[in-house]
Amino acid sequence: MRATNKPFHIDKRLVYEAYKAVKSNRGAAGVDEQTIEQFEADLSGNLYRIWNRMSSGSYFPPPVRAVSIPKKSGGERILGVPTVADRVAQMVVKQVIEPILDSIFLADSYGYRPNQSALDAVGVTRERCWRYDWVLEFDIRGLFDNIDHDLLLRAVRKHVTCKWVLLYIERWLKAPMVLEDGTTVGRSRGTPQGGVVSPILANLFMHYAFDVWMVRNHPGLPWCRYADDGLVHCRNQQEAEALKSALQARLAECRLELHPTKTKIVYGRDGKRKGQYPNVKFDFLGFCFRPRLVQISETRRCSGASIRRLVPRR
């Protein structure tokens, strides 16, 4: 039932469902060093406090804890780990906005979405590589760290009208980060990679920065995106090079940039064309796409027996 002394109506059941989702995802402790087990020691009290503060508009997220994890390609990635209580609060908002935003996302956006997976993206990429010889493989440098807050909030407000959801999204974007040496730093851009609402906010940003832009300006080129990694299939080298330049300009408009070493034009060599090409393979979502001959058997039936003919395929 609605509490008459609260400015925002948030169902207590929504908070409890958010807690169950956070528990199933596990995760490390935040700046308060409270684990999920410790949070559960006073579960009803902790969930009530989250609901009470969110309903009254007085919920302010604590800083996120910076955690360094190694990258496969070398170097480190900084995750921003919220507290358990803040993850529950973020999950409340995610449960509200995900059905709204996911309904506008395009089919070839695969990252961090219900009923979409990396294997789906790999499967469609495999099929398209048979039909297109050239691929623009792109990576966005530090997407989660560099999202422009004003542009993001403009996109959020276009689709989300719930006042308390908008209030808390703005507060999460501004929440500071505590580094591993104990230093607290403010943030004027980005959404912490490690936050519960960050993936869907990043997807919304890229929906307008890339997905919709591709459909509007390059409708004949199939593309596939998983968060900040993406591919566009092209018909020839000139088309791929022109698209790369156009995409660089587009991302600059959105305060982002292509990663200089991870972005490249790849030729899917089929064994017929002569010449040397610097890039003939690419890695996408843990799979290596490279040219090779595959023996595909075609079966013909003759007098009740099967005759197999091997056909070379790229």
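Before reading on, note that the structure itself is shown above.
Residues numbered from 1 in each chain as written. Predicted model: local features only at pLDDT ≥ 70, side-chain atom pairs only at ≥ 80, totals over all residues. Heavy atoms only, no water.

A. Structural context of the environment of Phe-105. You can see Phe-105 is positioned in the loop between helix 4 (84-102) and helix 5 (118-131). Taking the C-alpha atoms as reference, Phe-105 lies 7.7 Å from Leu-204; in sequence the two are 99 residues apart. Not counting residues within four places of it along the chain, the set of residues in contact with Phe-105 comprises Arg-113, Ile-200, Asn-203, Leu-204 and His-207. (Helix = DSSP H or I, 4+ residues; strand = E, 2+ residues; numbered from the N terminus. Contact = heavy atoms within 4.5 Å.)

B. Structural detail: the side chain of Lys-6. Position of Lys-6 relative to the elements: it lies in the segment before helix 1 (12-25). Buried charge without a partner: Lys-6 forms no salt bridge, and the closest opposite charge is Asp-11, 14 Å away. If we ignore the near neighbours within four places in the chain, the residues touching Lys-6 are Trp-51, Asn-52, Ser-55 and Ser-56. (Buried < 20%, exposed > 50% of the residue type's maximum accessible area, 1.4 Å probe, protein only. Lys, Arg positive; Asp, Glu negative; His and termini not counted. Salt bridge = Lys/Arg side-chain N within 4 Å of Asp/Glu carboxyl O.)

C. Just the packing of aromatic side chains, in detail. Considering all chains together, one arrives at ten aromatic pairs under this definition. Note on Tyr-112 and Tyr-226: the rings are 5.8 Å apart at their centroids and 50° apart in plane angle, and the pair reads as tilted. Here Tyr-226 lies in strand 6 (residues 223-226) and Tyr-112 lies in the loop between helix 4 and helix 5, a separation of 114 residues in the sequence. Between the aromatic rings of Phe-210 and Trp-223, the centroid separation amounts to 5.5 Å while the plane-to-plane angle is 85°, which identifies the pairing as edge-to-face. Of this pair, Phe-210 sits in helix 9 (residues 198-217) while Trp-223 sits in strand 6, placing them 13 residues apart in sequence. For the pair formed by Phe-210 and Trp-223, the shared burial category is buried. Stacked on the ring of Trp-51, the Lys or Arg Lys-12 has its end atom at 4.6 Å from the ring centre. Between Arg-171 and the ring centre of Phe-60, over which it is positioned, the NZ or CZ distance is 3.7 Å. (Phe/Tyr/Trp six-rings, centres within 6.5 Å; stacked < 30°, edge-to-face > 60°. Lys NZ or Arg CZ within 6 Å of the ring centre and 35° of its normal.)

D. Representation of the nonpolar core in the model. Ranked by internal contacts, the top residues of the largest apolar core, which has 68 residues, are Met-54, Val-88, Val-93, Trp-164, Ile-169 and Val-232. Considering every element that reaches this core, the biggest residue donor is helix 9, with ten residues. If sequence neighbours within four positions are ignored, Val-88 has contacts with Val-15, Ala-18, Tyr-19, Val-22, Phe-39, Leu-47 and Ile-50. (Core = buried A, V, L, I, M, F, W, Y, C linked by side-chain atoms within 4.5 Å.)

E. Looking closely at unusual backbone geometry. Despite not being glycine, Asn-115 has its phi angle at roughly 65°, a positive value. Tracing the chain through its elements places Asn-115 in the loop between helix 4 and helix 5. In this structure Asn-115 comes out as exposed when scored by relative accessible area, which is 78%. Even without being glycine, Ala-227 reaches a positive phi, approximately 60°.

F. Local environment of the sheet that holds strand 4 (residues 177-178). Across the sheet, four strands lie side by side as 2-1-4-5; this open sheet has mixed pairing. Each of the sheet's edge strands pairs with one partner strand only, and the pair in question is strand 2 (76-81) and strand 5 (184-185). Summarising the sheet, strand 1 (residues 64-70) and strand 4 pair through two bridges and their orientation is parallel. Of the residues in strand 4, the one forming a bridge with Val-64 is Met-177. (Pairing = 2+ DSSP bridges.)

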